[in-house]
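Results of the structural survey
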Amino acid sequence: MRQLFPPRDGFLADEALDRAYGDEPADFVRVNFVASADGAATLDGRAGGLGSATDQQVLRLLRDRADGILVGAGTAMAESYRALRDDPVRAAARTARGLSRVPPLILVSQRLSVDPSEPIIAKAVARTVIVTCAGSDLERREALAAVTPVIVAGEETVDLRLARTALAERGLRRLVCEGGPTLLGTALAAGIVDELCLTVSPMLAGPGAGRIVDGHLVIDPVRLRLRHLLEDDGFLFLRYALAPS
Ligand SMILES: NC(=O)c1ccc[n+]([C@@H]2O[C@H](COP(=O)([O-])OP(=O)(O)OC[C@H]3O[C@@H](n4cnc5c(N)ncnc54)[C@H](OP(=O)(O)O)[C@@H]3O)[C@@H](O)[C@H]2O)c1
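Source: prediction; values computed, not measured.

The rules we used
Residues numbered from 1 in each chain as written. Predicted model: local features only at pLDDT ≥ 70, side-chain atom pairs only at ≥ 80, totals over all residues. Heavy atoms only, no water. Near = heavy atom within 4 Å. Polar contact = N/O pair within 3.5 Å; in protein donor to acceptor, adjacent residues only side chain to side chain. Areas by Shrake-Rupley, 256 points an atom, 1.4 Å probe, with all protein chains shown as cover. Helix = DSSP H or I, 4+ residues; strand = E, 2+ residues; numbered from the N terminus. Salt bridge = Lys/Arg side-chain N within 4 Å of Asp/Glu carboxyl O. Buried < 20%, exposed > 50% of the residue type's maximum accessible area, 1.4 Å probe, protein only.

Here the focus is the site of the ligand. Near the ligand, the surroundings consist of 26 residues, among which Val34, Thr75, Glu79, Ser109 and Thr182 are the closest. In this structure, Ala41 approaches the ligand through a main-chain N or O atom, which is 2.7 Å from a nitrogen atom. Note that an oxygen atom of the ligand is positioned 2.7 Å from one of the side-chain N or O atoms of Ser109. When the ligand sits alone it has 910 Å² of accessible area, and the protein chains cover 85% of it. Elements supplying a minimum of two residues to the shell around the ligand: strand S2 (28-36), helix H3 (73-78) and helix H8 (181-190).

Taken as a whole and judged by the stated rule, the model has 18 salt bridges. The salt bridge involving Arg227 is made with Asp23; its shortest N-O contact spans 3.3 Å. In this pair, Arg227 is assigned in strand S9 (residues 224-232) and Asp23 in the loop between helix H1 (14-20) and S2, connecting sequence segments 204 residues apart. On the basis of relative accessibility, which here comes to 59%, the residue Asp23 falls in the exposed class. Between Glu195 and Arg227 there is a salt bridge; the shortest N-O distance is 3.3 Å. With Glu195 in strand S8 (residues 195-201) and Arg227 in strand S9, this pair connects stretches of sequence that are 32 residues apart.

Note that all results are geometric; they support no functional claim without further evidence.
The structure is reproduced here in structure tokens:
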């Protein structure tokens, strides 16, 4: 891995790579996405084909500095999300920062189609937090609440500002959001995003796939400030700060 901006000589070893993503404040929402050079957020319906081993390394590194991993129900389903296991290497990195051994998944859903018996709930070491809204199905919500924490924020859809406050009250203040595009659209509209980490894959995906921001909400263009640009095997790793709204 090389650091192109700010300019820095030499190869970025693991420790320096880790430091490159450091210094975030205690209350922080970081978003992590990958896109092709022509802006596609998926290849054959998934993000995985766009990434690389180093992209996965960055994903793990960002998870290692988060209190929780925020993800939309669409992504959890498309990417077959599982709750994280207790991995001693990851746990050591996390506890050295004063974080819990395993970060919980925070699943955002209005329809609540996830079943309490599914591994993402039932097998979670750190209990998965469900974030939903008052308009969700009461029976489903109660069934989930019997086995895992459920936060109700907003009426017809999840109000991510309220959700962020409720998560902070549970000690989940530093979040990494892994998408997907609908959730990112909602998060941008709510003004809760502090940083975007974007991997640009050296690939043209062709027409068809959506972009990293989607949904029906109207969002004013958001100005980004480049914090760093890293390169590995043609993959670009951009770290952008969002201008405060
Ligand atoms: N390129 C990348 O880095 C990347 C990252 C992540 C995902 N993806 C791709 O993106 C695709 C999925 O896209 P998507 O837009 O459907 O993903 P998504 O944002 O993860 O899922 C959308 C779903 O999340 C829930 N949701 C999001 N915001 C909500 C809100 N404010 N209130 C209530 N519910 C809310 C709803 O779930 P319910 O339907 O349950 O109500 C909604 O249908 C997949 O193909 C995945 O592979 C790509």
